[in-house]
Amino acid sequence: MNLPNIIKSQQLYSLAEQIIPAGTQTLAKGVGQHSRNVSPIYIEKGKGSHVWDIDGSEYLDMSMAVGPVSLGYCYDAVDNAIKEQLEKGITFSLMHPLEYEVAELISAIVPNAEMVRFSKTGADVTSAAIRLARAYTGRDDVLCCGYHGWHDWYISVTDRNAGIPQDTQNHTYTFDYNNIQSLLQSINDKTAAVILEPMTFTMPQSNFLQEVREVCNKHGAVLIFDEMWTGWRLALGGAQEYFGVNADMVCFSKAIANGMPLSVLCGIKPIMKLLEKDVFFFTTFGGETLSLAAAKATIKEMELHNVPEYLQKQGNTLYNEVHSIIKKNSIDWLDCVGNPVRTMLTYNHPEFSALELKTLIHQELLRYGILWNGFHTMSFSHNDSDIERVIQAYSEILPSVQNAVCNKSVGSLIKGELMKPVFRKTTHFNTKPV
Ligand SMILES: Cc1ncc(COP(=O)(O)O)c(C=O)c1O
């Protein structure tokens, strides 16, 4: 099967990269996270779980806009809610009732969401949560685990920390997931907040989340769950409900509004109430109504159809089948990990790098019309035939990739550029010096 024609994508990108630094607004959508000269670069439209690139090719999308499109592209119930609101206006000179309606919906579903505020990006709300924790505790230090957005307090722990004052860098360190010792080693009476993604691709082990909760209680640190990925996917009440552990504050974005830009900060009253006077967190578009209308419709659809359960079911079929293809072909360097609602392939071969193997699989999936950059992000629109299409593609591709590995011909089969490493790291970096 042929690789897609990407002439228009290539032409447009050669112009765009002259005036858009890094070429993209979202790193995970950029050319570095796809094989350049092979993969499409621009999408024109989507419907359900399918997208069409600007050269006219159709793809089954396994990335779903890197998280936000939880129900599906152009999902009628959400789009109709947006259109209905659009007829009435987008942003007003006073507040809009949707602010209360959506806050109330969230408060009724999410544990500990005694108070709720809205903003636009994930980084907006993780940063607001950190500022609140600092104000509440009168302390400065933050311990984090996961990725939490582009703002100074977090990105200072990464190697992309240029432009951030040293003093800011001195206040945030990381701890390792499923390693309570690494938290105990760093937490002390200067720690304002412990913020973590409750799960990325490994299930919490040995009551890890419960232990994190207890350690925070013991040291008087505020516990924040960054639920950009787990929220509205693992369960309607997110990771708190799924794992039975409550945080003091929780941050959501991505899946909550099926692609519209909305983020949510919620938490317990004593902390959230600081937003009334001491802590400043206001923004022009925080109450923008199209996104709130989309969130209201998305949450209602999720409740009506028990979407998290559906994502589990479809993801589980895919997960199990991928495992059986791997086993059947004795591919000992490949694994599929994560919670069924969002899984990824991992690679461990002594001779070929993870990026070579991933690039080859990505390239071969494109021949089957599957847009994939390492992850399987389930949406409510991934129906049985979509899942079957991915399974069928893997069952044909993986044996030939395994052949290439055995014949040492991986490099010669890769037609485009190698994919770049994923930016996010979750363990073993910038831990606190002991
Ligand atoms: C876990 C997590 N936290 C925070 C963010 C930042 O969100 P945003 O890019 O909307 O600022 C992301 C974005 O991918 C994320 O995955």
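In this text, all values refer to a predicted model and were calculated from it rather than measured experimentally.

Re the site of the ligand
Alright, step 1. Around the ligand sit Thr121, Gly122, Ala123, Tyr147, His148, Gly149, Glu197, Asp226, Met228, Trp229, Lys254 and Arg424, and those are all the residues in its vicinity.
Alright, step 2. With respect to the ligand, the side chain of tryptophan 229 contributes an N or O atom lying 3.2 Å from an oxygen atom.
Alright, step 3. The contact in question runs from an oxygen atom of the ligand to an N or O atom on the side chain of lysine 254, over 3.0 Å.
Alright, step 4. Contact with the protein chains removes 79% of the 390 Å² of surface that the ligand exposes when unbound.
Alright, step 5. Here the residues of the shell around the ligand sort into four nonpolar, four polar and four charged.

Examining the pairing of strand β2 (residues 50-53)
Alright, step 1. Here strand β1 (residues 43-47) runs beside β2; their pairing, made up of four bridges, is antiparallel. Within the sheet, the bridge partner assigned to isoleucine 43 lies in β2 and is aspartate 53.
Alright, step 2. Turn length for the β1-β2 hairpin, with the two strands adjacent in sequence and antiparallel, is two residues, and the turn residue glycine 48 shows positive phi of about 65°.
Alright, step 3. Sheet analysis places β2 next to strand β3 (residues 58-61), joined by three bridges and oriented antiparallel.

Concerning the sheet that holds β1
Alright, step 1. An order of β1-β2-β3-β13 is seen for the four strands of this open sheet, with the pairing classed as mixed. Strand pairing shows two members of the sheet lacking a second neighbour, β1 and β13 (370-371), which therefore form its edges.

As for the packing of aromatic side chains
Alright, step 1. One pass over the full model with this rule turns up 11 aromatic pairs.
Alright, step 2. Centroid distance tyrosine 147 to tyrosine 154: 5.6 Å. Interplanar angle 85°. Geometry classified as edge-to-face.
Alright, step 3. The exposure class of tyrosine 147 is partly exposed, given its relative accessible area of 27%.
Alright, step 4. Residue class for tyrosine 154 comes out buried when judged on its relative accessible area of 1%.

Regarding the domain arrangement of the protein chain
Alright, step 1. Taken domain by domain, the protein chain comprises domain 1 (7-66 + 307-413) and domain 2 (76-305).
Alright, step 2. Distance between the C-alpha centres of domain 1 and domain 2: 28 Å.
Alright, step 3. Counting residues at the interface gives 17 residues for domain 1, matched by 15 residues for domain 2.
Alright, step 4. Roughly 1,400 Å² is buried in total at the junction of domain 1 and domain 2, and carbon and sulfur atoms are behind 62% of that figure.
Alright, step 5. The largest share of the area that domain 1 buries against domain 2 comes from Val307, Pro308 and Arg342, three residues that together contribute 38% of it.
Alright, step 6. Summed over the shared surface of domain 1 and domain 2, the result is one salt bridge.
Alright, step 7. Linking lysine 47 and aspartate 76 is a salt bridge whose minimum nitrogen-to-oxygen distance equals 3.7 Å.
Alright, step 8. Counting across the interface, domain 1 meets domain 2 through five residue pairs in polar contact (both at pLDDT 80 or more).

Focus on the packing of helix α2 (residues 76-88) against helix α11 (residues 289-305)
Alright, step 1. Remark: α2 packs on α11, axes separated minimally by 8 Å, with the N-to-C direction vectors making an angle of 150°. The angle between α2 and α11 falls in the class roughly antiparallel. In the crossing of α2 with α11, the sense of the turn from one axis to the other is right-handed. Contact with α2, carried on its side by Ala77, Val78, Ala81, Ile82, Gln85 and Leu86, involves Thr289, Leu290, Ala293, Ala294, Ala297, Thr298 and Glu301 of α11 and no other residues of that element.
Alright, step 2. Counted by class, the contact of α2 with α11 contains nine nonpolar, three polar and one charged residues.

Points about the nonpolar core
Alright, step 1. By size, the foremost hydrophobic cluster in this structure holds 94 residues, and its most contacted members are Ile106, Val194, Leu196, Trp232, Ile361 and Tyr394.
Alright, step 2. Among the elements that take part in this core, helix α14 (residues 384-407) stands out by supplying 10 residues, more than any other.
Alright, step 3. In this structure, this core is formed jointly by two domains, domain 1 (7-66 + 307-413) and domain 2 (76-305), each of which donates at least three residues.
Alright, step 4. The contacts of isoleucine 106, once residues within four sequence positions are left out, are Ala113, Val116, Phe118, Trp232, Ile256, Val264, Cys266 and Ile299.
Alright, step 5. Core analysis: the second largest hydrophobic core is formed by 29 residues, Val157, Met228, Met249 and Leu274 among them.

Looking at the pattern of salt bridges
Alright, step 1. If you walk through the whole model with that rule in mind, you get 10 salt bridges.
Alright, step 2. The salt bridge partner of aspartate 248 is arginine 213, with a shortest N-O separation of 3.1 Å. Taken together, the residues aspartate 248 in the loop between α9 (238-243) and β9 (249-252) and arginine 213 in helix α8 (residues 208-219) connect sequence positions 35 residues apart. One exposure class covers both aspartate 248 and arginine 213, and it is buried.

Thoughts on the side chain of threonine 343
Alright, step 1. Here threonine 343 lies in strand β12 (residues 342-347).
Alright, step 2. Under the relative-accessibility criterion, threonine 343 is labelled buried at 1%.
Alright, step 3. Leaving out residues up to four positions away in the same chain, threonine 343 has contacts with Phe201, Tyr319, Cys336, Val337, Gly338, Gly374, Phe375 and His376.

Observations regarding the sheet that holds strand β14 (residues 375-377)
Alright, step 1. Strand order in the open sheet formed by three strands is β11-β12-β14, with antiparallel pairing between adjacent strands. Strand pairing shows two members of the sheet lacking a second neighbour, β11 (334-339) and β14, which therefore form its edges. Strand-to-strand twist of the sheet, defined as the mean angle between neighbouring strand axes without regard to direction, takes the value 15°.
Alright, step 2. Pairing analysis gives six bridges linking β11 to β12, with the strands arranged antiparallel. Residue pairing in the sheet places leucine 334 in a bridge with tyrosine 347 of β12.
Alright, step 3. In this fold helix α12 (residues 307-328) packs onto β11, β12 and β14, with an angle of close to 165° to the strand it touches most, β11.

Thresholds, definitions, all that
Residues numbered from 1 in each chain as written. Predicted model: local features only at pLDDT ≥ 70, side-chain atom pairs only at ≥ 80, totals over all residues. Heavy atoms only, no water. Near = heavy atom within 4 Å. Polar contact = N/O pair within 3.5 Å; in protein donor to acceptor, adjacent residues only side chain to side chain. Areas by Shrake-Rupley, 256 points an atom, 1.4 Å probe, with all protein chains shown as cover. Nonpolar A, V, L, I, M, F, W, Y, C, P; charged D, E, K, R; others polar. Pairing = 2+ DSSP bridges. Helix = DSSP H or I, 4+ residues; strand = E, 2+ residues; numbered from the N terminus. Phe/Tyr/Trp six-rings, centres within 6.5 Å; stacked < 30°, edge-to-face > 60°. Buried < 20%, exposed > 50% of the residue type's maximum accessible area, 1.4 Å probe, protein only. Domains from an automatic or database assignment. Contact = heavy atoms within 4.5 Å. Buried area = accessible area lost by both parts, 1.4 Å probe. Salt bridge = Lys/Arg side-chain N within 4 Å of Asp/Glu carboxyl O. Axes fitted to C-alpha atoms, helices over the stretch in contact; angles between N-to-C directions. Parallel < 35°, antiparallel > 145°, perpendicular 65-115°, else oblique. Left-handed = near helix turned anticlockwise from the far one by under 90°. Core = buried A, V, L, I, M, F, W, Y, C linked by side-chain atoms within 4.5 Å.

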